Amino acid sequence: MQMHLIPCLSSAGALSLMGNHLDRITHLSYSELPTGDPSGLEKEELRVGVAYFFSDEEEEVDDGGGGYTKDPSQEGPGAVSELEYSAFCSQECIFSKLRENQDLNVYSAKTLLSMCKPGDLVELVSTSQAPHWAVYELNDQVIHLHEGEIRKDSLTEIGRGRRGRIVNSRYRFRPLPSDLVLQNAAGHLGLHSGDICWTSSENFAAWCRFGKREFKAGGEAHSAEQQYFLKVHLGDGTRNGHAHTLVFRSLEDMIRERRRVDASGILKELSLGVSGGKE
């Protein structure tokens, strides 16, 4: 994929973030992004470039799981240590994952099934892994992109003991009626890599629910006027903490990089340094 973005860090520069403290990072040479803050929440931020290591293969959920504050066998809600994000297209907030304004608790598969309705988007999470998304159908069945195939599986089975949550409101687009969400998902069952135009389970599930072509690979027309801002919130609290602000030319690119960051753990370690090593 040919990128037309801001100057970015080299792969060595990106990996050098691992294990560094904030005082060292502030002395590295970064290409600063525009100083305008689309959200108006934070006034002092560390802005860095982005190194792109894109793959067309769907990210897999690790077998290990972990990182939860409660035993996964328990039925009550639990918390998992994870980064928080908000995203903007120009000045409009289009994505929010902030503990201050939504429930980020995760639940066992049994509890999650009692909460789901047909057409809901489900997110399975695991420490230092990109989350796995699926469209809930009925009777424990979900439709999702897995290993280069659109398939129907048991939510309990694909969860492999992990916890999950409903993420219908993560993207701030107008949703389609539930019957159309299910029609979108079921209409692509059986497609394999050569016929699939989504680069992750999240892109596919979100497209099913919102029907926006921006979630498809190459589905968005690039323009000089339109930019996406991804704010990765670090430290204690989103309003008083630090944040990285990254700039992208398309929604697809932004999703892919955010998922890569989730799986790499690089910024997670930085977040611990910013907050003084406290969760």
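Here the structure is a predicted model, which is why all the values come from computation and not from measurement.

Asker: Can you explain the nonpolar core? Please cite residues and give values.
Answerer: In terms of nonpolar packing, the biggest core is built from 37 residues, with Ile-94, Tyr-171, Phe-215 and Leu-251 touching the most fellow members. When near neighbours in sequence (up to four residues on either side) are disregarded, Phe-215 contacts Tyr-171, Phe-173, Trp-198, Asn-203, Ala-206, Trp-207, Phe-210, Leu-251 and Ile-255. Membership of the second largest hydrophobic core comes to nine residues, among which are Leu-112, Cys-116, Tyr-136 and Leu-155.

Asker: Help me get a handle on the pairing of strand E3 (residues 121-125), residues and values and all.
Answerer: Among the five residues in E3, five count as buried, and that is most of the element. Residues Leu-121, Glu-123 and Val-125 point to one face of E3 and Val-122 and Leu-124 to the other, with burial holding for every one of them. Inspection of the sheet shows E3 paired to strand E4 (residues 132-138) by four bridges, in the antiparallel sense. Within E4, the residue paired with Leu-124 across the bridge is His-132. Where E3 meets strand E7 (residues 163-166), four bridges bridge the pair, whose relative direction is antiparallel. By the bridge assignment, Leu-124 is partnered in E7 with Gly-164.

Asker: Break down the packing of aromatic side chains for me, with residues and values.
Answerer: Counted by the stated rule, this structure contains ten aromatic pairs. For the ring pair Phe-95 and Tyr-171, a centre distance of 4.9 Å and an interplane angle of 65° mean the geometry is edge-to-face. Within this pair, whereas Phe-95 is found in strand E2 (residues 92-97), its partner Tyr-171 is found in the loop between E7 and helix H5 (178-186), the two being separated by 76 residues in sequence. Across this residue pair, the class does not change: Phe-95 and Tyr-171 are buried. Measuring from centroid to centroid gives 6.4 Å for Phe-210 and Phe-215, while their planes differ by 25°, and the two rings are stacked. Phe-210 sits in the buried class, given a relative accessible area of 6%. Members of the aromatic cluster, each reached through a chain of ring pairs, are Phe-95, Trp-133, Tyr-171, Phe-173, Phe-210 and Phe-215. In this structure, Lys-212 packs its charged tip against the face of Phe-173, placed 4.9 Å from the ring centre.

Asker: Explain H5 to me, using residue names and the numbers behind them.
Answerer: Of all the positions in H5, only Val-181, Leu-182, Asn-184 and Ala-185 are classed as buried. With its buried residues spanning 155° around the axis, H5 presents them on a single face. In H5, those exposed residues whose orientation departs by more than 90 degrees from the buried face are Asp-179 and Gln-183. Looking at the buried residues of H5, the elements they touch are E4, strand E5 (141-146), strand E6 (149-154) and helix H6 (201-210).

Asker: Tell me about the pattern of salt bridges, residues and numbers included.
Answerer: In the structure shown here, the tally under the stated rule is eleven salt bridges. Two residues, Glu-82 and Lys-97, come together in a salt bridge whose shortest N-O distance is 2.9 Å. With Glu-82 in the loop between helix H2 (22-25) and strand E1 (84-89) and Lys-97 in strand E2, this pair connects stretches of sequence that are 15 residues apart. Across the pair, Lys-97 and Glu-82 agree in class, each one buried. Residues Lys-152 and Glu-137 are paired through a salt bridge, measuring 3.1 Å at the closest nitrogen-oxygen approach. Linking Lys-152 in strand E6 with Glu-137 in strand E4, this pair joins segments that are 15 residues apart in sequence. Connected through shared salt-bridge partners, Glu-82, Lys-97, Glu-123, Arg-165 and Arg-170 make up one network.

Asker: Could you give an account of unusual backbone geometry, naming the residues involved and the relevant values?
Answerer: With a phi close to 75°, Asp-140 is a non-glycine residue in the positive phi region. Tracing the chain through its elements places Asp-140 in the loop between E4 and E5. Owing to a relative accessible area of 18%, Asp-140 belongs among the buried residues under this scheme. Unusually for a residue other than glycine, Glu-147 sits at a positive phi of about 50°. On the secondary structure map, Glu-147 appears in the loop between E5 and E6. Looking at Glu-147, the relative accessible area reads 58%, which means it is exposed.

Asker: Break down the side chain of Glu-220 for me, citing the residues and quoting the values.
Answerer: Here Glu-220 shows up in the loop between H6 and strand E8 (228-234). Buried Glu-220, no salt bridge; nearest opposite-charge side chain is Arg-213, N-O distance 7.7 Å. Within the structure, the side chain of Glu-220 is placed 2.4 Å from the side chain of Tyr-228, a separation counted as a polar contact. Polar side-chain contacts of Glu-220 include one of 2.9 Å to the backbone nitrogen of Leu-251.

What counts and how
Residues numbered from 1 in each chain as written. Predicted model: local features only at pLDDT ≥ 70, side-chain atom pairs only at ≥ 80, totals over all residues. Heavy atoms only, no water. Core = buried A, V, L, I, M, F, W, Y, C linked by side-chain atoms within 4.5 Å. Buried < 20%, exposed > 50% of the residue type's maximum accessible area, 1.4 Å probe, protein only. Contact = heavy atoms within 4.5 Å. Helix = DSSP H or I, 4+ residues; strand = E, 2+ residues; numbered from the N terminus. Pairing = 2+ DSSP bridges. Phe/Tyr/Trp six-rings, centres within 6.5 Å; stacked < 30°, edge-to-face > 60°. Lys NZ or Arg CZ within 6 Å of the ring centre and 35° of its normal. Arc of directions from axis to C-beta. Salt bridge = Lys/Arg side-chain N within 4 Å of Asp/Glu carboxyl O. Lys, Arg positive; Asp, Glu negative; His and termini not counted. Polar contact = N/O pair within 3.5 Å; in protein donor to acceptor, adjacent residues only side chain to side chain.

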